[in-house]
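What follows is each chain in one-letter form.
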Amino acid sequence: MAPSWPAGLPDPGPESSEGLIGIDEVQKALNRSRASVYRYTNTDPRNLNPPFNPRKLNPEYRTDQKEALLFHPNEVARFARDVLRIKEVTVEVLNSPSTATQQLLSSILQELQAIRHSLQDLDQAPAVLSSKRDQLEQSRPAA
């Protein structure tokens, strides 16, 4: 079962790093200073990924201490609703500009669609040719 989506938040779409938001977006959504957002955040200098704390704003999993803190919009909404008692929070997730990887994947998709279309045409072609051959055989006079 899919988690319920908090009211007032746009759905970021499929789970991916593109749906995550940074400190600046959290700051705007919560209408708090950057310093207070860092104070709310569940971080620990001795532990890269501390356990979930329901009283804190929990960032997504990181593999390196130098990685930027990223948050899922659901987590920001949960924190705003449950901890800060903010009734309505708007978190806007914008699509990132097209990258070389996205452009490559798009061209691969177009090529695959063209191949599929060609294969569908081939599946129909023998039926058309065999019916034409039958018509020609019937129209020729017997010797």
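Above: the structure in question.
A quick note: this is a predicted structure, and the numbers were derived from the prediction, not measured.

A. Geometry of the side chain of T41. Residue position: T41 is located in the loop between α2 (34-40) and α3 (73-82). Residue classification places T41 among the buried positions, given a relative accessible area of 3%. When sequence neighbours within four positions are dropped, the list of residues in contact with T41 reads K56, L57, P59, L69 and F71.

B. Just helix α1 (residues 23-30), in detail. By the burial criterion, the buried members of α1 are I23, V26, A29 and L30. An end-on view of α1 places all buried positions within 125° of arc, on one side of the element. Among the structural elements, α2 and α3 are those in contact with the buried residues of α1. Note on α1: the residue one or two positions beyond its end, N31, has a positive phi of about 55°.

C. Molecular detail of a nonpolar patch on the surface. Nonpolar side chains collect at one region of the surface, where L104, L105, I108, L112, I115, L119 and L122 lie side by side and expose about 680 Å² of accessible area between them. The topology assignment puts I115 in helix α4 (residues 100-139).

D. Looking closely at the pattern of salt bridges. Evaluated as defined, the whole model comprises 4 salt bridges. In this structure, R78 and E75 form a salt bridge, with 2.7 Å as the shortest nitrogen-oxygen distance. Placement of both R78 and E75 in helix α3 is noted, with a separation of 3 residues, approximately one turn of the helix. Residue class for E75 comes out buried when judged on its relative accessible area of 10%. Measuring nitrogen to oxygen at the nearest pair gives 3.2 Å for the salt bridge that ties R81 to D82. Exposure remark for D82: the relative accessible area of 31% places this residue in the partly exposed category.

E. Examining α3 more closely. The element α3 is extensively covered by neighbouring structure, given that 8 of its 10 residues are classed as buried. Turning to α3, its buried residues are P73, N74, E75, V76, A77, R78, F79 and A80. Its buried side turned inward, α3 meets α1 and α2.

F. Region of interest: the nonpolar core. Ranked by internal contacts, the top residues of the largest apolar core, which has 14 residues, are V26, L30, L57, F71, V76 and F79. Counting only elements with at least two residues in this core, the list comes to α1 and α3.

Reading the values: the criteria
- Residues numbered from 1 in each chain as written.
- Predicted model: local features only at pLDDT ≥ 70, side-chain atom pairs only at ≥ 80, totals over all residues.
- Heavy atoms only, no water.
- Helix = DSSP H or I, 4+ residues; strand = E, 2+ residues; numbered from the N terminus.
- Buried < 20%, exposed > 50% of the residue type's maximum accessible area, 1.4 Å probe, protein only.
- Contact = heavy atoms within 4.5 Å.
- Arc of directions from axis to C-beta.
- Patch = residues over 30% accessible without salt bridge, like charges linked within 9 Å, V, L, I, M, F, W, Y side chains within 5 Å.
- Areas by Shrake-Rupley, 256 points an atom, 1.4 Å probe, with all protein chains shown as cover.
- Salt bridge = Lys/Arg side-chain N within 4 Å of Asp/Glu carboxyl O.
- Core = buried A, V, L, I, M, F, W, Y, C linked by side-chain atoms within 4.5 Å.

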